[in-house]
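This is what each chain is made of:
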Amino acid sequence: MNRLTHLKTVSFTAMAAATILSGTALAQAPAASDSETIIVTAGKRDEDIRQVALPISAVTGEQLKKMNANSLSDYIVRLPGVVFNDYQPGISEVVIRGVAATTYHEQGQTTVGYYLNEVPVVEPGFPIGIPDVDTFDLQRVEVLRGPQGTLFGSSTLGGLVNYVANVADPSKVDAAASGLVGTTKNASGELNYAAKAMINIPLVADQLALRLVALQRSDAGYLDNPGIGVNGSNDYRTRGLRGSIVANLGETTKVTYLSSWQDSKLDDQTYLDLPNPYVRNLPRAETQKTKFWMNSLRLDQEVSDIANLTVLGSITKKTNTTIFSYPYAYVTGVTTGDGAAYSLGEADALIKTVEARLASAGDGPFKWLVGVSYLQAKKNSYDQIFQAGAADYIDANPDLFGGYSGAQLTPGDRLYGYFTKSTNEDFGVFGELSYKPVEQIEITLGGRYYDTTAKADVLNQAGALGGYEGGYTPTDSSGSVNQKEDGFLPKATIAWRPSKDVMVYATYSQGYRVGGINPNAGLLPSIPEAYESDKVKNYEIGVKAQTPDGRFAIDLTGFHLDWNNIQARLFGPGPSYYSYVVNAGGARVNGVEFSGTVNFNKLVHFTTNVTWQDAELTEFLPYPFDVAGLGGYAKGTTLPGSSKWSIANNLTLSFADMTGAPSFDIAHRYLSSAPTSFDDVSRRGDFNVFDLRASVSLGEKVRLMAFANNVFDKYGVLNAPFANDAATPQGSIIRPRTIGLRADWSL
């Protein structure tokens, strides 16, 4: 189906739905309660989500609590157009609308932006950590689908995730706490637990307040690693502190300071031997530690009755230390025990941002916004591979290594090492102008001018991965890039609102990603030194509608994406498997996203999110090392991880008039099969998962919940990017059946 035909079909469907619901609205009486309104900041201003002319999902803090959601994987996959490349906690990436060239980690900048209270928390280039912000005391999580380059800049090809944490409230004393205990199948008797608390204290009534949050959560491991003799080896612990101070300096000035710190510790990785359920057999534990600490200062100032000024600055620090087990022969031939090879990766990043914007106030026919932003990100990373006894082995077998000594090729038994140091700068000027020629029609034009710089230096150290030609190098090699790029990203939207409960809109938008350096460029002649930016062009039409009483609501979007100059992450031949990025080919994604809500009566509430998606290459993608020997991937190849269908349903039974106001939830999720890589050697998805929850109140302040996640204990593959590597575990799976109790208290 071509783009025009696809959009015509969706357009007809959207218009039909709008007409039907308009008629229904006229036949109904009372309007929905204002308490149900969700305010979002998708357009860099506070707006009712039902009136925002773009595809957006918002999960409120109360909804997260009712879902028993603690981390991204608990709720993000239940939203339309979204999948989660669940592979390494703290590093795993969200994919929106199928815009991804790998189900592992993007070698360059992520295709989805990540924000905490509008502050970007992921740096350009390979992300050393993607903060999975704990849901406790979040006001909401916003997910914007489709490229958001105009208002948010780079790294938003598919969309963005914006965590919105509650900040201090000077108007009242408040407190809350949450606790959880549970057990997971194959966890060897270890318990899952969580303890979280919040307190909000006005220091000066209605003028100054402090809010503090502390939390710790532990998820018991469910994979057995006989190589290290540990059952349930993949224990995961996260803990965090969050604090905010809000000062109201008069009636028109508000200053907010927010600090958020979170660290995570993984005792062993979460991927396993797919043919052997719940087993990952490696000679060394693959540990991982990540930390991030974000500090931001925000000024909100009313400028008379004309506009609202927002100035926001931030500093974010991140670190990551990861060990991987590499059971390859390499130099000594030892692949078991302490003599087996392993890698040590250490990285840190410092991100500084500032943004100032001025947005019009009032409800006139014109609405405008103009702003300027700047980001600077500095990052250092050092990756090494070690194999005990390598230097001694080389000294004992000099003929295999060109006569070089172990001290020259593998000092300290280090087989391989590369150090990268990068600095990225991103300057942008952005704006939007909306005009209503009549009350029902709004036309919005926007754009961003961007000017980016990517500087990087890489040092590949002398090393040896084996005694064969090309397997060792006696000298260091280095490289550097200094890329500069500027450009303009346009956006245009037209919205028609025949009533306050119905809106139809059409949008054209763009997104982009910056280029960067290939760390392994000096090791293989076929690896380019650097890669360039890539862009996405998006065409979409949608309808949002509900009946006045709020009993029925829909959100339907059809889209077509053109992805040009793709940054494709590829891997060199074994045993090194050096990763690199090339710009090659193009892709297109067609899709339909649907969200529906039905309140049958006071007792029964049903929601559904359905996504159909078709994502494939539109040009040949060269790859000299592909296993089929075809020299690359053909036009029509499905993009990695792109499932045709994803469905999430939730049925709630609420008995508000009974003692304790008990409620019962049945949640269902389906993900269709999809390749995990371009060469399609393995697939993920093709599973149905069911969760059960039952809640009851004890008085006015305490709510108890019993839950059973993955109640039928489905063994579903979430990811398997390295299924063609038989020497190491290949994939990750749905967490086995987990049951438990949760208690929430609020003042």
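Computed from a predicted structure; not experimentally measured.

A.B. asks: Quick question: what am I supposed to make of the overall build of the protein here?
C.D. replies: The number of helices and strands found in the protein is 6 helices and 43 strands. Expected size for 747 residues packed as a compact globule is a radius of gyration near 27 Å; at 26 Å, the protein falls within 12% of this value. Summarising its shape, the C-alpha atoms of the protein cover approximately 90 × 55 × 55 Å along the three principal directions. Taken across its 747 residues, the protein has 56% of its residues classed as buried. Of the contacts formed within the protein by residues at least 6 apart in sequence, a portion of 68% connects residues at least 24 apart. Of the roughly 29,400 Å² of accessible surface on the protein, 58% is carried by carbon and sulfur atoms. Within the protein, the 76 negative side-chain charges are centred at a point lying 4 Å from the centre of the 62 positive side-chain charges.

A.B. asks: It is not clear to me how the packing of aromatic side chains should be interpreted in this structure. Could you clarify?
C.D. replies: In this description, an aromatic ring pair is defined by two values, namely the gap between the centres and the angle between the planes. Within this structure, the stated rule accounts for 18 aromatic pairs. Taking 5.3 Å as the distance between ring centres and 25° as the angle between the ring planes, the aromatic pair formed by Tyr-633 and Phe-678 counts as stacked. Of this pair, Tyr-633 sits in strand 34 (residues 632-633) while Phe-678 sits in the loop between strand 37 (674-675) and strand 38 (683-684), and the two are 45 residues apart along the sequence. By way of ring pairs, the aromatic residues Tyr-87, Tyr-104 and Tyr-271 are connected into one cluster. The cationic tip of Lys-44 hangs over the ring face of Phe-152; the distance from NZ or CZ to the ring centre is 4.3 Å. Positioned above the aromatic ring of Tyr-342 is the side chain of Arg-284, whose terminal nitrogen or guanidinium carbon lies 3.9 Å from the ring centre.

A.B. asks: When you look at the pairing of strand 31 (residues 586-599) in this model, what are you seeing that I'm missing?
C.D. replies: Note on strand geometry: in a regular strand, side chains alternate between the two faces of the sheet. When you tally the buried positions in strand 31, you get 10 out of 14 residues, the bulk of the element. Inspection of the sheet shows strand 28 (residues 552-564) paired to strand 31 by 13 bridges, in the antiparallel sense. From the neighbouring strand, Phe-552 faces strand 31, where its bridge partner is Val-598.

A.B. asks: Explanation requested: a positive patch on the surface in the structure shown.
C.D. replies: Taken together, the side chains of Lys-317, Lys-352, Lys-378 and Lys-421 present a region of like positive charge at the surface. With respect to the element layout, Lys-421 can be found in strand 19 (residues 414-438).

A.B. asks: Could you clarify how one ought to interpret the sheet that holds strand 8 (residues 138-145) in this entry?
C.D. replies: Strands belonging to one sheet form pairs held by backbone hydrogen bonds; the direction of such a pair is parallel or antiparallel. Spatial strand order, 3-8-9-6-7: 5 strands in an open sheet with mixed pairing. The open sheet has two edge strands, strand 3 (56-60) and strand 7 (119-120), and neither has a second partner. Of the strand pairs in this sheet, strand 6 (residues 112-116) and strand 9 (residues 159-165) are connected by 5 bridges, and their pairing is parallel. In the sheet register, Tyr-115 faces strand 9, and the bridge partner there is Asn-162.

A.B. asks: Any chance you could explain the side chain of Gln-384 here in plain terms?
C.D. replies: Mapped onto the elements, Gln-384 comes out in strand 18 (residues 366-386). Accessibility expressed as a relative area gives 10% for Gln-384, which makes it buried. Polar contacts involving the side chain of Gln-384 include one to the side chain of Tyr-382, which spans 3.2 Å. Setting aside residues no more than four positions away along its own chain, Gln-384 makes contact with Tyr-342, Ser-343, Leu-344, Arg-414, Tyr-416 and Gly-417.

A.B. asks: Help me out: how do you make sense of a nonpolar patch on the surface in this one?
C.D. replies: On the surface, Ile-199, Ile-201, Leu-203, Val-204 and Leu-212 cluster together to form a nonpolar patch covering roughly 390 Å² of accessible area. The biggest single contributor to the nonpolar patch is strand 11 (residues 191-204), with 4 residues. Its location among the elements puts Ile-199 in strand 11.

A.B. asks: Just checking my understanding: could you explain the pattern of salt bridges for this structure?
C.D. replies: Opposite charge on two side chains permits them to pair, given that their charged atoms come into close proximity. With the rule as written, the count across this model stands at 36 salt bridges. Between Lys-196 and Asp-134 there is a salt bridge, and its shortest N-O distance comes to 3.0 Å. Of this pair, Lys-196 sits in strand 11 while Asp-134 sits in the loop between strand 7 and strand 8; the two residues are 62 residues apart in sequence, bridging distant segments of the chain. In this structure Lys-196 comes out as buried when scored by relative accessible area, which is 6%. Overlapping salt bridges bring together Lys-44, Glu-118, Arg-298, Asp-300, Glu-355 and Arg-357 as one network.

Parameters and conventions
Residues numbered from 1 in each chain as written. Predicted model: local features only at pLDDT ≥ 70, side-chain atom pairs only at ≥ 80, totals over all residues. Heavy atoms only, no water. Helix = DSSP H or I, 4+ residues; strand = E, 2+ residues; numbered from the N terminus. Rg over C-alpha atoms; globule rule 2.2 N^0.38 Å. Buried < 20%, exposed > 50% of the residue type's maximum accessible area, 1.4 Å probe, protein only. Contact = heavy atoms within 4.5 Å. Areas by Shrake-Rupley, 256 points an atom, 1.4 Å probe, with all protein chains shown as cover. Lys, Arg positive; Asp, Glu negative; His and termini not counted. Charge placed at Lys NZ, Arg CZ, Asp CG, Glu CD. Phe/Tyr/Trp six-rings, centres within 6.5 Å; stacked < 30°, edge-to-face > 60°. Lys NZ or Arg CZ within 6 Å of the ring centre and 35° of its normal. Pairing = 2+ DSSP bridges. Patch = residues over 30% accessible without salt bridge, like charges linked within 9 Å, V, L, I, M, F, W, Y side chains within 5 Å. Salt bridge = Lys/Arg side-chain N within 4 Å of Asp/Glu carboxyl O. Polar contact = N/O pair within 3.5 Å; in protein donor to acceptor, adjacent residues only side chain to side chain.

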